[in-house]
Amino acid sequence: MPGQSLARAKLDSMRCKLALVIVAALAMPAQAADIPAAKPLDLVPIDLAAGITPIPGFTQDNRPARVLKAWRENGNGHGYFTYVITISGGAGQEGEWNLVPVTVPTPWSAQDMLTDAPHAFEDMARSVRFARGRLDQEPEVLLFTATREIKESYGQATPVTFELYHVVVTDEMGDVFERVRSWGSAKNYCNADMALLREVGLRLPPGYEGGEGQDGCL
């Protein structure tokens, strides 16, 4: 009957559209799932000196943190700072101060410490920065990394990969820094800190030694 044929055609069309939606969802890169609805706003850098820096009000329940920043000499221009984050107490924690790992979802991994890559400082290859700001309108302490994709020369402008983390409490590991976004820069840079200034709005750190131009090149 004509009515049944029309209904069958509509049903087949709906099934086809649903299949296309499912295929498109499966084809999305894993990284796309960790992009938040809003960019971080009202960023105020937390500048770390070498040694231990106490940071009050680090968590949503107002617990403090201590961040160790220590230099590791390599003798060949590739020394780097290490960053170890500890937070006071917390549900299910064993000690007064507990290590806060940095986790990423795709593929899942956890790091007990972070490292930067200043190279000659004027051509910062990887930057690790902390800041207070707002994410989805909620005030939080945020962690940023900016990593230049260097293939040939450190002095040549390169693409930069940004990563954004915030503190969450998990049942398995207690407090962790969880990645909420990873994305590429809109242009190339000679200095990771300049990339954070131009594309994220995070002020340059004290003692910045890179170029003052838009790309940080000397």
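This one's a predicted model, so the numbers in the text were calculated from it and none came from an experiment.

1. Quick notes on the sheet that holds strand β11 (residues 160–170)
Backbone-to-backbone hydrogen bonds join strands into a sheet, with any given pair of strands oriented parallel or antiparallel.
Now for step 1: Taken in spatial order, the seven strands line up as β1-β9-β10-β11-β12-β6-β7 in an open sheet, and their pairing is mixed. Every interior strand has two partners, whereas the edge strands, β1 (41–46) and β7 (108–111), have only one. The sheet shows a mean angle of 30° between the axes of neighbouring strands, direction not considered.
Now for step 2: Both strand β6 (residues 102–105) and strand β12 (residues 174–184) contribute to a ladder of two bridges, which runs parallel. Pairing of Thr 103 across the sheet is with Glu 178, part of β12.
Now for step 3: Where helix α2 (residues 192–200) meets the sheet, its contacts fall on β1, β9 (126–135), β10 (138–148), β11 and β12, and the angle it forms with β9 comes to roughly 25°.

2. Re the pairing of β9
Now for step 1: Of all 10 residues in β9, eight are buried; the element is thus mostly enclosed.
Now for step 2: Here four bridges tie β1 to β9, and the two strands are oriented antiparallel to one another. Of the residues in β9, the one forming a bridge with Pro 45 is Ala 131.
Now for step 3: Bridge count for β9 against β10 is 10 bridges, and the pairing is antiparallel. Bridge assignment links Arg 129 to a residue of β10, and that residue is Phe 144.
Now for step 4: The antiparallel hairpin formed by β9 and β10 contains two residues in its connecting segment, where Asp 136 sits at a positive phi of about 55°.

3. Some thoughts on the state of the cysteines
Now for step 1: Under the definition given, this model contains one disulfide.
Now for step 2: Note that Cys 190 is cross-linked by a disulfide to Cys 217, the S-S spacing being 1.9 Å. Here the S-S torsion is close to 75°, and the disulfide linking Cys 190 with Cys 217 is therefore right-handed. Placement of Cys 190 in the loop between β12 and α2 and of Cys 217 in the segment after α2 is noted, with a sequence separation of 27 residues between them.
Now for step 3: On the basis of relative accessible area, Cys 217 is assigned to the partly exposed category, the value being 22%.

4. Notes on the packing of aromatic side chains
Now for step 1: Summed over the entire model, instances satisfying the criterion amount to five aromatic pairs.
Now for step 2: Aromatic side chains Trp 71 and Phe 81 sit 4.8 Å apart centroid to centroid with 70° between the ring planes, which places their arrangement in the edge-to-face category. Taken together, the residues Trp 71 in strand β3 (residues 65–72) and Phe 81 in strand β4 (residues 80–88) connect sequence positions 10 residues apart.
Now for step 3: Grouped by ring-pair contacts, the aromatic residues Phe 58, Phe 130 and Phe 177 constitute a single cluster.
Now for step 4: The ring of Phe 81 is capped by Lys 69, whose NZ or CZ atom sits 4.5 Å from the centre of that ring.
Now for step 5: Here the guanidinium or amino end of Arg 181 rests over the ring plane of Trp 183, the centre of that ring lying 4.1 Å away.

Definitions and limits used
Residues numbered from 1 in each chain as written. Predicted model: local features only at pLDDT ≥ 70, side-chain atom pairs only at ≥ 80, totals over all residues. Heavy atoms only, no water. Pairing = 2+ DSSP bridges. Helix = DSSP H or I, 4+ residues; strand = E, 2+ residues; numbered from the N terminus. Axes fitted to C-alpha atoms, helices over the stretch in contact; angles between N-to-C directions. Contact = heavy atoms within 4.5 Å. Buried < 20%, exposed > 50% of the residue type's maximum accessible area, 1.4 Å probe, protein only. Disulfide = S-S within 2.5 Å. Phe/Tyr/Trp six-rings, centres within 6.5 Å; stacked < 30°, edge-to-face > 60°. Lys NZ or Arg CZ within 6 Å of the ring centre and 35° of its normal.

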